Structure formats: structure tokens, C-alpha cells
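Here is how the chains run, residue by residue.
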Amino acid sequence: QVQLEESGGGSVQAGGSLTLSCVASGYIYSLNCIGWFRQAPGKEREAVATVNLRGGATFSVDSAKGRFTASQDRAKNTWYLQMSALKPEDTAMYFCAARRAFCDSAYVQSEFNYWGQGTQVTVAL
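A brief structural summary. The shown structure was predicted, so the numbers you read here are calculated from the model rather than taken from an experiment.

A closer look at the sheet that holds strand β8 (residues 78-83)
Each strand in a sheet pairs with its neighbour through backbone hydrogen bonds, running either in the same direction (parallel) or in the opposite one (antiparallel). Ordered by their spatial adjacency, 4 strands build an open sheet running β1-β3-β8-β7, and the pairing between neighbours is antiparallel. One side of each edge strand has no neighbouring strand; the edge strands of this open sheet are β1 (2-7) and β7 (68-73). Ignoring which end each strand starts from, the neighbouring axes of this sheet average 20 degrees apart. For strand β3 (residues 18-26) and β8, the ladder comprises 6 bridges, and the chain directions are antiparallel. Of the residues in β8, the one forming a bridge with T19 is Q82.

This is the structure:
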């Protein structure tokens, strides 16, 4: 089994920055892909990015490209989502997820085997 825990959310002004962390524990050696998702109030959860074992990220949300980056510290079993130039539309509950299969371009949520409980990001005007 794998457990995931997100942290680093908070409230910031537009244009500010936040770094989210996702710590994995358990049988993490079976994992081949980390996903970042977000869900705004009243909207469906959407994929933000996937991260492979090398730390390479593919961003699925066009508005995040150039503003968000992903990194990892495998020694700490931790993945990071660095967000800059934040906009009000970035306001959402952010989740990290993981799956045994390799990353693909579909970002199907049901294919991710493990999920964290989320961390709230609020961006004010």
C-alpha cells in the first residue's frame, strides 16, 4: 500500500508563489508516475501535470505552462509543485496522486491508484 500527503497550500495575492509538497510512504517502489490534480469549488477535478521517475513533468493545463514547475527529492520520497505568478483561477484544492503504470497523456483519474487528501490554494485579487 502507498500513502500520500500534500502540504504547502495557503492564501496568497495574485502574482505570488507557493510550493506544494507531496510525501509518499509505504511500498513506493512500485510507483512509476506522480500526478498533480486540482478541483475548484463547483467544478470537476482536473489534471495539472504528471511527473515521471526522472522528475520530468508534463503539464496538461495550458495556463500553468511557464508558471508551474515540478521537482523531486527522492531521498525524502517527496515531490514538489512550484507555482509562481499565481492567478485567481488557480484557486482550488490541489491533490497529488500516484500510479503503478507509467505516465501517459490521458491523465485518467481512475487510473491513479493512490491519492492524498488535498491542500487548499487560494489566490486573491
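Text resumes after the structure shown.
So, empty space enclosed by the protein
Under the counting rule described, the total for this entry stands at 1 cavity of 30 Å³ or more. Space inside the largest cavity adds up to approximately 30 Å³. In this structure, the largest cavity is lined by L31, N32, C33, I34, V51, N52, L53, Q72 and W79. Looking at the lining of the largest cavity residue by residue, the classes come out as 6 nonpolar, 3 polar and no charged.

Some points on the pairing of β8
Examined bridge by bridge, β7 and β8 share 6 bridges and lie antiparallel to one another. Its bridge partner being in β8, D73 is matched across the sheet by T78. Here β7 folds back onto β8 in antiparallel fashion, the turn holding 4 residues, of which N77 has a positive phi close to 55 degrees.

Quick look at the packing of aromatic side chains
One pass over the full model with this rule turns up 4 aromatic pairs. Note on F112 and W115: the rings are 6.3 Å apart at their centroids and 65 degrees apart in plane angle, and the pair reads as edge-to-face. A relative accessible area of 5% means that F112 is categorised as buried. Residue classification places W115 among the partly exposed residues on the basis of a relative accessible area of 26%.

Calculation rules
Residues numbered from 1 in each chain as written. Predicted model: local features only at pLDDT ≥ 70, side-chain atom pairs only at ≥ 80, totals over all residues. Heavy atoms only, no water. Pairing = 2+ DSSP bridges. Helix = DSSP H or I, 4+ residues; strand = E, 2+ residues; numbered from the N terminus. Axes fitted to C-alpha atoms, helices over the stretch in contact; angles between N-to-C directions. 1 Å grid on protein atoms, 1.4 Å probe; cavity = no way out; pocket = protein on both sides within 12 Å on 5 of 7 lines; lining within 4 Å. Points joined across faces, edges and corners; volume = space filled by probe spheres on them. Nonpolar A, V, L, I, M, F, W, Y, C, P; charged D, E, K, R; others polar. Phe/Tyr/Trp six-rings, centres within 6.5 Å; stacked < 30°, edge-to-face > 60°. Buried < 20%, exposed > 50% of the residue type's maximum accessible area, 1.4 Å probe, protein only.

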